[in-house]
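Close look at the chain arrangement
Single-letter residue listing:
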Amino acid sequence: METIDKIKQQIADNAIVLYMKGSPKLPSCGFSAQAAQALMACGEPFAYVDILQNPDIRAELPKYANWPTFPQLWVEGELVGGCDIMLEMFQQGELQPLIKEAAARAREAQAQ
């Protein structure tokens, strides 16, 4: 499978996906750690892709997303942004409802 197709499938298959360095429990950079903590604080399950284990995705995703840095949060097929945007949204109370509503829609779709 081509890398871009793999990325598109990951984004399509997961309502909430975080492309990060490391994992939520063992992040490999401070920005990924902060992003994962904000997402975990929203209280909904989410998928993640460790770009350090996937150098092809690490190379291709910035071009596909037109976003140069990691982490990257994707919700329902849309790029939300990186660490700074996520933290700002979290502090303003905007990230929590976005994540909760996406997770609820994903559960509804799976139940049907």
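Worth saying up front: this structure is predicted, and the values here are computed from it rather than measured.

Pairing is mixed in the open sheet, where 4 strands are placed in the order 2-1-3-4. Edge positions in the open sheet fall to strand 2 (47-50) and strand 4 (78-81), since each of these has one partner strand only. Neighbour-to-neighbour, the strand axes of this sheet turn through a mean angle of 25°, independent of strand direction. As paired elements, strand 3 (residues 72-75) and strand 4 share 3 bridges and run antiparallel to each other. Residue Trp74 lies in a different strand from strand 4, and its bridge partner there is Leu79. Seen against the sheet, helix 4 (residues 83-91) touches strand 1 (16-20), strand 3 and strand 4 and runs at an angle of roughly 80° to strand 4.

Turning to the packing of aromatic side chains, a few remarks are in order. Under the counting rule described, the total for this entry stands at 1 aromatic pair. Pairing Tyr64 with Trp74 gives two aromatic rings, centres 6.0 Å apart and planes at 25°, and the pair type is stacked. With a gap of 10 residues between them, Tyr64 in helix 3 (residues 55-65) and Trp74 in strand 3 connect regions that are remote in the sequence. Residue Trp74 is classed as buried on the basis of its relative accessible area of 6%.

Parameters at a glance
- Residues numbered from 1 in each chain as written.
- Predicted model: local features only at pLDDT ≥ 70, side-chain atom pairs only at ≥ 80, totals over all residues.
- Heavy atoms only, no water.
- Pairing = 2+ DSSP bridges.
- Helix = DSSP H or I, 4+ residues; strand = E, 2+ residues; numbered from the N terminus.
- Axes fitted to C-alpha atoms, helices over the stretch in contact; angles between N-to-C directions.
- Contact = heavy atoms within 4.5 Å.
- Phe/Tyr/Trp six-rings, centres within 6.5 Å; stacked < 30°, edge-to-face > 60°.
- Buried < 20%, exposed > 50% of the residue type's maximum accessible area, 1.4 Å probe, protein only.

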